[in-house]
Amino acid sequence: MTDFRNDFEEAYDLEPPHRALLAIADALMAEAAESDAQVRTDGRMIPGSTGQMVEHPGVRTAILAREKAARIYRDLFPDEGPAAGVDAASLGQADAGQAHRSPQSVRASRAASRRWERARAAGGAP
């Protein structure tokens, strides 16, 4: 099993919550590896409930686990990798001018603010 947590702890000064998230990401990568092993054993296509051939559920499980782990890594280390800095708006850095925000993100943020203001005006929000 790959232990990314140790690799990242050596390279970065991590807080306990970050260590916990990396432990979750490592568990997800372990789950993906286990699913891959099961698919290799059973085959990518297996008989379904009525005998038809269907894709092994482990294929999708591995894909989802890797996507979740990648999301954790990307959120923890936005300055690393191919999407460096693109999603900084969700990390609260956009208002300080340190991030690129897409026009869709800006519109969505304004629309959410307007909805919140209307709800507060109507007495429906604290």
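Within every chain, residues take consecutive numbers counted from 1 along the sequence as written. The predicted origin of the model limits local features to residues at a pLDDT of at least 70 and limits the giving and counting of side-chain atom pairs to 80 or more, whereas totals for whole chains, interfaces and linings rest on all residues. Side-chain numbers come from the whole structure's heavy atoms, not from hydrogens or water.

Chemist: Would you explain the overall build of the chain in this entry?
Modeler: Each helix and strand in the chain was counted, giving four helices and two strands. In DSSP terms, a helix is any run of H or I states spanning at least four residues, a strand is any run of E spanning at least two, and both are numbered starting from the N terminus. The N-to-C order of helical and strand elements in the chain reads α-α-β-β-α-α. Burial classification: accessible surface area is computed with a 1.4 Å probe over protein chains only, and a residue below 20% of its type maximum counts as buried, one above 50% as exposed, and the rest as partly exposed. Split into buried and exposed, the 126 residues of the chain put 19% on the buried side. Only heavy atoms matter for contacts: two residues are in contact if any of them lie within 4.5 Å across the pair. Across the chain, contacts joining residues at least 24 apart in sequence account for 42% of those joining residues at least 6 apart. As displayed, the chain has an accessible area near 8,800 Å², and 53% of this comes from carbon and sulfur atoms. For the accessible areas, the method is Shrake-Rupley and the probe is 1.4 Å, while residue cover comes only from the protein chains on display.

Chemist: Would you explain the nonpolar core in this entry?
Modeler: Nonpolar side chains in soluble globular proteins generally cluster together in the buried interior. Only buried Ala, Val, Leu, Ile, Met, Phe, Trp, Tyr and Cys residues count toward a nonpolar core, and they belong to the same one when joined by side-chain atoms within 4.5 Å. Judged by nonpolar contacts, the single largest core of 13 residues is most densely connected at Phe 8, Leu 22, Tyr 73 and Phe 77. Only α2 (16-42) and α3 (57-76) provide two or more residues apiece to this core. Once you skip the residues sitting within four places of it in the chain, Phe 8 turns out to touch Leu 14, Leu 22, Tyr 73 and Phe 77.

Chemist: Looking at this model, I keep getting lost on the confidence of the model for the chain. Mind explaining?
Modeler: Fine structural detail should not be taken from predicted coordinates in areas where pLDDT scores are low. pLDDT gives the predictor's per-residue confidence on a scale running from 0 to 100. Residues of the chain with pLDDT of at least 70 account for 75%, and the chain-wide mean is 78. With pLDDT under 50 throughout, residues 83-98 is counted as low confidence; its partners more than four residues away or in other chains account for 22 contacts.

Chemist: Which parts of the structure should I look at to understand the pattern of salt bridges?
Modeler: Between side chains of opposite charge, a pair can form when the charged atoms approach closely. Salt bridges, as used here, are contacts in which a Lys or Arg side-chain nitrogen is within 4 Å of a carboxyl oxygen on Asp or Glu. Enumeration according to the criterion identifies two salt bridges in this entry. Of the charged contacts, one joins Asp 36 and Arg 66 as a salt bridge, the two residues approaching to 2.3 Å between their closest N and O atoms. Residue Asp 36 is located in helix α2, and its partner Arg 66 is located in helix α3; the two are separated by 30 residues in the primary sequence. Note that Arg 44 is salt-bridged to Glu 55, the shortest N-O span being 2.8 Å. With a gap of eleven residues between them, Arg 44 in the loop between α2 and β1 (45-47) and Glu 55 in strand β2 (residues 53-55) connect regions that are remote in the sequence. Look at Glu 55 and you get partly exposed, because its relative accessible area is 39%.

Chemist: Honestly, the environment of Ala 27 in this entry has me stumped. Any pointers?
Modeler: Within the fold, Ala 27 resides in helix α2. On the accessibility criterion, Ala 27 (45% relative accessible area) is partly exposed. Linking Ala 27 and Ala 69, residues 42 residues apart in sequence, is a C-alpha distance of 8.6 Å.

Chemist: Can you walk me through a positive patch on the surface in this structure?
Modeler: Together, Arg 110, Arg 114, Arg 115 and Arg 118 make up a positively charged patch on the protein surface. Here Arg 114 is to be found in helix α4 (residues 103-121). A patch is a set of surface residues, each over 30% in relative accessible area and not in a salt bridge, joined within 9 Å for like charges and within 5 Å for the nonpolar side chains Val, Leu, Ile, Met, Phe, Trp and Tyr. The charge count includes Lys and Arg as positive and Asp and Glu as negative, but it does not include His or the ends of the chains. Charge positions are represented by NZ for Lys, CZ for Arg, CG for Asp and CD for Glu.

Chemist: Sorry if this is basic, but what is going on with α2 here?
Modeler: Since the α-helix turns once every 3.6 residues, residues separated by three or four places project in the same direction. The end-to-end C-alpha separation of α2 is 39 Å, in line with the 39 Å expected for 27 residues at 1.5 Å each. Leu 22, Ala 25, Asp 26, Leu 28, Ala 30, Ala 32, Ser 35 and Val 39 are the residues of α2 that are buried. Phi for Gly 43, located one or two positions after α2, is positive at around 100 degrees. Helix span, as expected, comes to 1.5 Å for every residue beyond the first.

Chemist: Got a minute to help me understand the side chain of His 56 in this structure?
Modeler: You can see His 56 is positioned in the loop between β2 and α3. Engagement of the side chain of His 56 in a polar contact is seen with the backbone nitrogen of Gly 58, the distance being 2.8 Å. Excluding residues within four positions of it along the chain, His 56 makes contact with Gln 38, Val 39, Asp 42, Gly 43, Arg 44 and Ile 46. Under this definition, polar contacts are N or O atom pairs within 3.5 Å; protein pairs additionally need one hydrogen-donor-capable and one acceptor-capable atom, and for neighbouring residues in sequence, both atoms have to be side-chain atoms.

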